[in-house]
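# Structural overview for review
Each chain, written out:
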Amino acid sequence: MTKYIFVTGGVVSSLGKGITASSIGCLLKMRGLKVTLQKFDPYINVDPGTMNPYQHGEVYVTDDGAETDLDLGHYERFLDVHLTQNHNVTTGKIYNSVITKERRGDYLGATVQVIPHITNEIKEHIKKVKDKNDVVIVEIGGTVGDIESLPFLEAIRQFRKDIGRNNVLYVHVTLVPYLHASEELKTKPTQHSVGKLREIGITPDVIICRTEKTIPKDCLSKISLFCNVDEKAVIQCKDVPCIYEVPLMFEKQGLDDIIVDLLKIKTKKPDLTEWKAMVKAEKTPQKVITIALAGKYTTLKDAYKSIRESLSHGGLANNVQVKIKSVDVEKAETDIGKFLHDVDGLLVPGGFGGRGIEGKVKAIQYAREHNMPFFGICLGMQTAVIEFARNACGMPEANSTEFNPKTKQPVISLLEEQRKVIKVKMGGTMRLGAYPCHLKKETKAHAAYCKDDIEERHRHRYEFNNQYKKKLEDCGMVFSGENETHNLVEVVEIPGHPWFVGVQYHPEFKSRPTHPHPLFREFIKHAAAYKETKI
């Protein structure tokens, strides 16, 4: 029978429930089990697709086109799996489904209530990802005590009753703060958090203690006593410089042994050989390079989470430590050289809206003219086309209709089908999910992938305008990747440049620490070579 692990959090948000869930899944997978992960988010939005990155961090996109929480990126990277729209469920999705059923008459005139209708719907969504998995790990977003989380917590309380005590395990992630004034760790926040959880009817089987200092044995014993949890099941999770160390930290404390014992699963010991080698490589780079990340949301690291991780993966593939210099493109518009003179490569990420576009264009011009390795993703590719059209093709008014609907040279424009949907609704109406792309031989893109046909994930509304294709080709730009079915440009590059590549899709969603994405690998490789030319 499929086993279920529910991960909750208390005291404060952003404690790392997603990393905890991913690390547990990673260890269980390395024991030979088939594992999947699911995230429940308590906000009422149907998905994070229309939310500002400053509110929610990046929007992660799956192969089937779901716009999801960024924790799904952690799940996919740690377990090297591809998840679906069923793996991220929000309050908005749950209520939308229940209301649809009520309007259809499915409840036969009953009064629709949180219990049982909402909680039953939540439980049905948990079962949707069961498939042939040995273990399903479900992360409950938010913190215990939030009013929004209560239906989800009630549903997972019922779940153990429904399928049997030995088939469900509760993991609670909490904070053990260090007070610098008194120089001591405090267990009281954990005690209160677990107490709140027990009021709901859930007693955790495992407590993960997030801490910046090593927790002494007497503190762990105190947490065990007051929270009614076995002392060996009180696990400390200390701050580490590399998130991929967390599974090793858990394994050292025997967390995976505790879990399989409590769930009565017979498995082999985890094979961590490849994982340990990857973490060792992360800690022992041969050189250090700096990549400029020129975007709109640089003050919030989570806004470009997958890109930051993918740059790190590219570094692993080249025995290089990648330092990221965030460049605020609005501030950089006046003197871009001041921001880029000391970096080894430029990455311009995706985004929406016209704010900061001119700064991005100037940054790309600097990289192109100084032979600095450049990688443009989604909007980064589109601004690369705008920059090249303006400064290499004599088209001073080149622009996107997203930023200037009346531009006389719309090198980037809205597709006809997008003009229709944008007037109706915003959420879930872009080109989303995995689409095929054919690569031209003897191009940088083909050399990176070493194959003719690829499939990558998209999240955008505007496309390259094919009316300007010949003009840009005559000026030296190569369109090295295309979606032949829809006649859409996917990859652009400049042959005479050491490494100047822009892609319409989001390769960061397919990069893994043990299998870095080929484009990030090649970008970092050329950035390291560029640094050598400056020495």
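The preceding data block contains the structure.
Here we summarise the structure given alongside this text. (Residues numbered from 1 in each chain as written. Predicted model: local features only at pLDDT ≥ 70, side-chain atom pairs only at ≥ 80, totals over all residues. Heavy atoms only, no water.)

## Thoughts on the nonpolar core
The nonpolar side chains of a soluble globular protein tend to be buried, and buried together. Defined as follows: Throughout, nonpolar core names a set of buried Ala, Val, Leu, Ile, Met, Phe, Trp, Tyr and Cys residues whose side chains join them through atoms within 4.5 Å. Relative accessibility under 20% of the residue-type maximum defines a buried residue, over 50% an exposed one, and the middle range a partly exposed one, all with a 1.4 Å probe and only protein chains included. A run of H or I in DSSP becomes a helix once it reaches four residues, and a run of E becomes a strand once it reaches two; helices and strands are each numbered from the N terminus.
Grouped together as the largest cluster of nonpolar side chains are 62 residues, with contacts concentrated most on Ile5, Leu28, Ile137, Val206, Ile208 and Trp275. For this core, the leading source of residues is helix α1 (residues 17-29), giving 6 residues. The next biggest cluster of nonpolar side chains, apart from the first, holds 44 residues, and it includes Val327, Ala367, Met395 and Val411.

## Overview of unusual backbone geometry
Backbone torsion omega between Ile115 and Pro116 reads 20 degrees, so that peptide bond is classified as cis. Within the secondary structure layout, Pro116 lies in helix α5 (residues 114-128). Non-glycine residue Glu442 carries a positive phi angle of around 60 degrees. Tracing the backbone through its elements, the reader meets Glu442 in the loop between β18 (431-439) and α17 (444-449). Given a relative accessible area of 82%, Glu442 falls into the exposed group. Notably, Asn487 is not glycine yet its phi reads approximately 55 degrees, a positive angle. Considering the arrangement of structural elements, one finds Asn487 in the loop between β21 (478-483) and β22 (488-493).

## Examining the sheet that holds strand β20 (residues 462-464)
Note the threshold: In this analysis, strands are considered paired if DSSP registers two or more bridges between them. Throughout, an axis means a line fitted to C-alpha atoms (over the contacting stretch in the case of helices), and angles, computed between N-to-C directions, take values from 0 to 180 degrees.
Spatially, the 3 strands line up as an open sheet ordered β16-β17-β20, and their pairing is mixed. Each edge of the open sheet carries a strand with a single partner, namely β16 (398-400) and β20. Ignoring strand direction, the axes of neighbouring strands in this sheet form an average angle of 30 degrees. As defined by bridge partners, strand β17 (residues 409-414) adjoins β20 across 3 bridges and the pair is classed as antiparallel. Bridged to Ser413 within β20 is Glu463.

## Regarding the sheet that holds strand β15 (residues 374-377)
Quick note on the threshold: In what follows, residue pairs with any heavy atoms lying within 4.5 Å of each other are defined as contacts.
Strand order in this open sheet of 9 strands is β13-β12-β14-β15-β23-β22-β21-β18-β19, and the pairing throughout is mixed. Strands with a single pairing partner mark the edges of an open sheet, and in this sheet they are β13 (320-328) and β19 (453-460). Here the strands of the sheet are splayed against their neighbours by 25 degrees on average, with no regard to which way each runs. Each of β12 (287-295), β14 (345-348), β15 and β23 (500-503) is contacted by helix α14 (residues 357-369), which is oriented at about 150 degrees to β14, the strand it contacts most.

## What about empty space enclosed by the protein?
Keep this limit in mind: Only protein atoms enter the 1 Å grid used here, on which a cavity is any set of points holding a 1.4 Å probe that cannot leave and a pocket is any open set flanked by protein within 12 Å on both sides along at least five of seven lines; residues with an atom within 4 Å of a point are listed as lining. Grid points are joined across faces, edges and corners, and a volume is the space filled by probe spheres set on the points. Classification used: nonpolar for Ala, Val, Leu, Ile, Met, Phe, Trp, Tyr, Cys and Pro, charged for Asp, Glu, Lys and Arg, polar for all others including Gly.
Overall, the coordinates contain 2 cavities of 30 Å³ or more when judged by the stated rule. The space that makes up the largest cavity amounts to roughly 60 Å³. Taken together, Gly351, Phe352, Cys378, Leu379, Gln382, Glu402, His460, Arg461 and Tyr462 form the lining of the largest cavity. Here the residues of the lining of the largest cavity are counted per class, giving 4 nonpolar, 3 polar and 2 charged. Its volume calculated, the second largest cavity comes out at about 30 Å³. Taken together, Thr8, Gly9, Ile140, Gly141, Gly142, Thr143, Val144, Ser149 and Leu153 make up the lining of the second largest cavity. Residues belonging to the lining of the second largest cavity are distributed by class as follows: 3 nonpolar, 6 polar and no charged.

## Things to note about the packing of aromatic side chains
When we look at a pair of aromatic rings, we describe it by the centre distance and by the angle of the planes. To be explicit about the condition: Note on ring pairs: Phe, Tyr and Trp rings are taken, using the six-membered ring of Trp, and paired if centres are within 6.5 Å. Classes follow the plane angle, with under 30 degrees stacked, over 60 edge-to-face and the rest tilted. By definition, being over a ring means that NZ of Lys or CZ of Arg is both within 6 Å of the ring centre and within 35 degrees of the ring normal.
Scanning the model with the defined rule gives 16 aromatic pairs in all. Counting every residue linked through ring pairs, the aromatic cluster contains Tyr4, Phe6, Phe159 and Tyr170. Across the ring face of Tyr178, the terminal group of Lys213 is positioned such that the distance to the ring centre comes to 5.0 Å.

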